[in-house]
Amino acid sequence: MVTVMELYQLLPRTNCKKCGESTCMAFAVAMLGRKKNVAECTPLLEANFKKQKEKLESLLLPAAGAEETGMIVHSELCTGCGNCVVACPVDVANDPHGAGMGCAPTNNKVIFKVVDGKVLASNIKECRRFGKNKVLCYACIDPCPTGAIEFV
Ligand code: SF4
Ligand code: SF4
Ligand code: SF4
């Protein structure tokens, strides 16, 4: 799943406020939360940002209109501790001999994995917050010591 930092790094990062947000980071958070869209950053319409704009649109396309969870992983806050990996009930159920034993995942059916010291989220359709029958699960948020996981 795309992270705030990935979006932020593709923005002009001038904090010009033309989008109505006070910083480009705030705009990246709002885009990920589907409260703002790429077109609201008008500096991106300049020719020198063409490739960055296209990349942003392609990154956000999977989330557009999808019934997804609104999960934001603030990778800049993640310490890679792995608490969320072993706390997520989906990880525990899908990987009983890895995450289910409080260890690193042993397969790719999990939602959370720590790669190079940062958590990555995938298989998001498995999340209990996904879709029409979603449940307000907090199991990954509560054990995170840095507040790196947020749902918007
Ligand atoms: S308009 Fe674009 S460049 Fe300006 S603050 Fe917003 S996101 Fe940053
Ligand atoms: S909300 Fe629950 S099911 Fe979804 S990723 Fe977090 S812990 Fe796993
Ligand atoms: S619990 Fe928080 S800090 Fe630890 S790996 Fe997960 S997101 Fe990163």
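The structure displayed is predicted, hence computed values, not measured ones.

A word on the overall build of the protein
- For the protein, the count of helices and strands is 5 helices and 4 strands.
- Starting at the N terminus and walking to the C terminus, you meet the elements of the protein as α-α-α-β-α-α-β-β-β.
- Compactness check: the protein gives a C-alpha radius of gyration of 17 Å against a globular reference of 15 Å for 152 residues, within 12% of the reference.
- Each of the three principal axes of the protein carries a C-alpha extent, and together these read 50 × 30 × 25 Å.

Examining the site of ligand 3
- The environment of ligand 3 is formed by 14 residues, the closest being C78, C81, N83, C84 and C144.
- Tallied by class, residues from the shell around ligand 3 come to 9 nonpolar, 5 polar and no charged.

Here's the deal with the domain arrangement of the protein
- Along its sequence, the protein is organised into domain 1 (4-63) and domain 2 (71-151).
- Distance between the C-alpha centres of domain 1 and domain 2: 26 Å.
- Residue-level contacts link 5 residues of domain 1 with 4 residues of domain 2.
- Secondary structure elements with two or more residues in the side of domain 1 that touches domain 2: α1 (4-10) and α2 (24-32).
- Looking at the side of domain 1 that touches domain 2 residue by residue, the class counts come to 4 nonpolar, 1 polar and no charged.

Observations concerning the nonpolar core
- Residues L7, A28, V73, C84, C88 and F112 are the most contacted members of the largest nonpolar core, which totals 37 residues.
- Listing elements by their share of this core, those giving two or more residues are α1, α2, β1 (71-73), α4 (83-87) and β3 (118-121).
- Residue-level mapping places this core at the junction of two domains, with at least three residues from each of domain 1 (4-63) and domain 2 (71-151).
- Not counting residues within four places of it along the chain, the set of residues in contact with L7 comprises V2, A28, M31, L32, L56 and L59.

What about the pairing of β3?
- By the alternation rule, side chains of β3 split into V119 and A121, which are all buried, and K118 and L120, of which none is buried.
- When strand β2 (residues 112-115) meets β3, the two strands line up antiparallel, connected through 4 bridges. Each bridged residue has a counterpart across the sheet, and for V115 the counterpart in β3 is K118.
- Linkage of β2 to β3, two consecutive antiparallel strands, is achieved through a turn of 2 residues, within which D116 is found at a positive phi near 55 degrees.

Focus on the site of ligand 1
- Close to ligand 1 lie 13 residues, the nearest being C16, C19, C24, F27 and C41.
- Class assignment for the residues of the shell around ligand 1 results in 8 nonpolar, 2 polar and 3 charged.

Looking at α2
- All of the buried residues in α2 are C24, F27, A28, V29, M31 and L32.
- Those residues of α2 hidden inside the fold are in contact with α1, α3 (50-60) and β1.
- Just downstream of α2, R34 is the residue with a positive phi angle, here 65 degrees.

Some points on unusual backbone geometry
- With phi around 55 degrees, N15 is a residue other than glycine that occupies positive phi space.
- Positive phi, normally seen in glycine, also occurs at N123, with a value near 50 degrees.
- Along the polypeptide, N123 turns up in the loop between β3 and β4 (149-151).

A look at the environment of P89
- Residue placement: P89 occurs in helix α5 (residues 89-94).
- Separated by 33 residues in sequence, P89 and L56 have C-alpha atoms that sit 31 Å apart.

Reading the values: the criteria
- Residues numbered from 1 in each chain as written.
- Chains lettered and ligands numbered in written order.
- Predicted model: local features only at pLDDT ≥ 70, side-chain atom pairs only at ≥ 80, totals over all residues.
- Helix = DSSP H or I, 4+ residues; strand = E, 2+ residues; numbered from the N terminus.
- Rg over C-alpha atoms; globule rule 2.2 N^0.38 Å.
- Near = placed C-beta within 6 Å.
- Nonpolar A, V, L, I, M, F, W, Y, C, P; charged D, E, K, R; others polar.
- Domains from an automatic or database assignment.
- Contact = placed C-beta atoms within 7 Å.
- Core = buried A, V, L, I, M, F, W, Y, C linked by C-beta atoms within 7 Å.
- Buried ≥ 20, exposed ≤ 12 C-beta atoms within 10 Å, placed from the backbone.
- Pairing = 2+ DSSP bridges.

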